[in-house]
Every structure is written in C-alpha cells, then in structure tokens.
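Fold and contact review
Listed below are the residues making up each chain.
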Amino acid sequence: MRTANGRRRTAIAVLLTTACGGGAAPLSVERLEVRIAPVGAVTASGYLVVYNRGPLADTLDRVTTPAADSVTLHESMDHGDGQTMMMPLTWLAIPARDSVTFAVGGRHLMLEHFVTPLTVGSSVSMTFHFRSGRTIKQSTTVRAVGGEE
Amino acid sequence: MWLVLLALGTVACGGGIDRPLSPGGFIGAEVITPRPMPDVVLTDAKGQPYHLADATRGTVTLLFFGYMHCPDVCPVHLANIAAVLDKLPEEVSREVKVIFVTVDPARDSMAVLAPWVAGFDPRFIALTGSDSTIQAAQLAAGLLTAEKDTVTASAAGSYLVGHASQVIAHTRDGLGRVQYPFGTRQRDWAHDLPKLVEYGTGP
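Since we're looking at a predicted model, the values are computed, not measured.

This next bit is on the interface of chain B and chain A. Taken together, the contact pairs 31 residues of chain B with 28 residues of chain A. At the level of elements, helix H3 (74-87), helix H5 (110-120) and strand S8 (160-164) of chain B are the ones that each hand at least two residues to the side of chain B that touches chain A. In terms of residue count, H5(B) provides more of the side of chain B that touches chain A than any other element does, six residues in total. Residues that form the side of chain B that touches chain A fall into these classes: 18 nonpolar, eleven polar and two charged.

And the structure:
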C-alpha cells in the first residue's frame, strides 16, 4: 500500500476518538480530504473512508455540497496498458462491519460546477446520504493535489 | 541546500527504493524500443505553433497527455513533478522540460488551460491542437489515444475522458526511454530525474 505510516497512525487516532466519544453511531465518514489543482481548477477530488461498524449493510447513494452543483462518485480504473478510465458509480455498497476507502488513483468524489471559485484553503462542507436515511455532514479545508503518497 | 543534498543522498543510498531498478538504473519503466518525440506541430499558450520535436531537442522532456476536468490522475502527476523539481538542484531542474498536451481541446481552451498548467509550475508548457494532431501525437508516442466516454456523458455536457496515464520521459536524444505510470511517487521522481539529465552526457 502507498499509505504512509503517519497517515495510518492519524487514522487510528481518529478512529479511537470517534469510537470513544461518538456513542452508538454505526456509520462514519473519516479522513475527508478535498484536493484541487493550485490554479484555475474546474474540478476537485474528494477522498475519505466510510466506516460501517454496525451489523447492517448500507449504501452510499449521494453526496452533496453547497460548494459545487455536482458531486459524482468515480473509480479510476487502469486497464493494465496505461489507459486510465474513470467509471462513474451510481451508488456504493457499504458492507456491515467493514469500511470503504476513497483514495488517490482509485475511488474518488469528483466535484464540478463550483458555485463559487474553489481554491486551496476554502472550507467545504459535504453531506453523505445513505439509503437507510442516515446523513452525515463533514467539513474540510481544501488542499492542493499531490504529496508523498 | 544541505537538507536537499541530505535528502537526495538518502534516496540514492536506497532508503526509499522498494522496487527493482531498470537496466539503466531507473525506477520508471524503461521502454524496449523507445520512440522519438512525436514530430507534430501543436499550439502553445501564446497561440504560436510549437514544433514538439524541434522545441525539445537536446533537453530532457517529460511528455504527458491529459485534461483539465480530470480530477484524480492528471493533477497529481503534475503536482508531484513540480514539487520534486522545486527541491532538486537548479542544475538538474533547469534541464527538464515538462509538457502537458490536452486531449480535450474542446473544453480546455488555452485561456483556461495555460494558467492551470502554469499553476503547478510556471515552467510547465501547456499545448493544444486539433483533435487529429493530438491523436497523431499520442499514436506516435506509442500511447492509446484518449477517448471521450459518450456512454456516461450527461445532458449538462459533462463527460469523462479515458486517457493514457503515464508520463513519458525523453532523454536529450529525443527518445522516450522511460515511462512513469500513475502512482509514481515524489521520491521516485527525485531518484530518476537527475539520472535522466545525466543520461548520454557521460564518457
């Protein structure tokens, strides 16, 4: 895995915090990041982990944000010959007692049609809509793309 | 400066390398039959003709085809290359040209493409052209040509573009010797870029 150790430690720390403080919330969205090109971006990408600690499966149906008119779920697929294609996902199953990761080069959220120009440092709130009716709201600060991952 | 040398030293000593090097000592994938820089005329940010093969003769050139609406793969490659060039000694970074050719010229007008590319590093070169020239350039580079995904295109005019995600590094002789797939890390670039600059200059 390309995940850095530091990142993993952070994730564990976050996990512990949530598990201790959150009470009985089976679903959570953690490590939300929104990344953007430094100048003139027309799209941004979102990465996160959806945890389902409950005994029932759920489905992520939709993600919305006041920052962009369109948020779509995508998966970058490498066809093995260097050709990368993005496949849109209309929904995403979140199995019981499992997690689903959105990470660079794999699943990601694509934000486009920005309501106001989105730049590094902007604050973005996103709402994750699950089929069970549960919604989770999370905010993050937009960061530049790239990094030692 | 010391920090930079120290960091470079660590990488060179093998601290960050966990995959075998190519016969030429690169982390990137060496091509068995390298192809020359595509002999095509594209258009630069000033609207001037840019003869790709002529303009890059004698320099190390990283050639990458992509598009601005690509949220995940294209900007990550460009950001990582820019970050590494920033940290490398000037003698190395000034020898490296980075060229981004849009495969989506209909949406990526130069008015928006040029600042987007320059935003990563003002030295990066943004190029556009006609669909047929861009296609010819990709074929000449040995890449599958980018394709507009018409199946998922939305009524609002959004669409995705499948495209080759590797960066092709051309050595000074104009041959595209080494390829860098998506997932190439900054430390991989930091290892290979000085080697690409050195390539062919030795005794």
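That shown, we press on.
Moving on, we get to the sheet that holds strand S6 (residues 125-127) of chain B. All names here are of chain B. Strand order in the open sheet formed by six strands is S1-S10-S9-S4-S5-S6, and the pairing between neighbours is mixed. The two strands at the open ends of the sheet, each matched to only one other strand, are strand S1 (29-36) and S6. Between one strand axis and the next, the sheet turns by 30° as a mean value, whatever way the strands run. Examined bridge by bridge, strand S9 (residues 167-170) and strand S10 (residues 175-180) share four bridges and lie antiparallel to one another. Each bridged residue has a counterpart across the sheet, and for Ala169 the counterpart in S10 is Val178. Seen against the sheet, H5 touches strand S5 (96-102) and S6 and runs at an angle of roughly 155° to S6.

Moving on to the sheet that holds strand S3 (residues 58-64) of chain A. In sheet architecture, strand pairing relies on hydrogen bonds along the backbone and comes in two forms, parallel and antiparallel. Residues and elements named next belong to chain A. Read from one edge of the open sheet, four strands run S6-S3-S9-S10, paired in antiparallel fashion. At either end of the open sheet lies a strand with only one pairing partner, and these are strand S6 (92-94) and strand S10 (135-141). Within this sheet the neighbouring strands show an average axis-to-axis angle of 35°, counted without direction.

Per-residue confidence for chain B averages 86 on the pLDDT scale, and 83% of its residues sit at or above 70. Counting contacts from residues 1-16 of chain B, a segment whose pLDDT is below 50, to residues more than four positions away or on other chains yields ten contacts.

All names here are of chain A. For Pro95, the position within the fold is in the loop between S6 and strand S7 (98-102). When the 12 C-beta atoms within 10 Å are taken as the criterion, Pro95 is described as exposed. As for Pro95 and His113, which are separated by 18 residues in sequence, their C-alpha atoms are 31 Å apart. Residues within four places of Pro95 in sequence aside, it is in contact with Asn52 and Ala57.

Here we come to unusual backbone geometry. Residue and element names in this part refer to chain A. With phi around 55°, Arg31 is a residue other than glycine that occupies positive phi space. On the secondary structure map, Arg31 appears in strand S1 (residues 27-36). Classification of Arg31 by C-beta neighbours within 10 Å gives partly exposed; the count is 18. For His113, which is not glycine, the phi torsion reads 55° and is therefore positive. For His113, a count of 13 C-beta atoms within 10 Å corresponds to the partly exposed category.

Here is what the cut-offs are and how they apply
Residues numbered from 1 in each chain as written. Chains lettered and ligands numbered in written order. Predicted model: local features only at pLDDT ≥ 70, side-chain atom pairs only at ≥ 80, totals over all residues. Contact = placed C-beta atoms within 7 Å. Helix = DSSP H or I, 4+ residues; strand = E, 2+ residues; numbered from the N terminus. Nonpolar A, V, L, I, M, F, W, Y, C, P; charged D, E, K, R; others polar. Pairing = 2+ DSSP bridges. Axes fitted to C-alpha atoms, helices over the stretch in contact; angles between N-to-C directions. pLDDT = per-residue confidence, 0-100. Buried ≥ 20, exposed ≤ 12 C-beta atoms within 10 Å, placed from the backbone.

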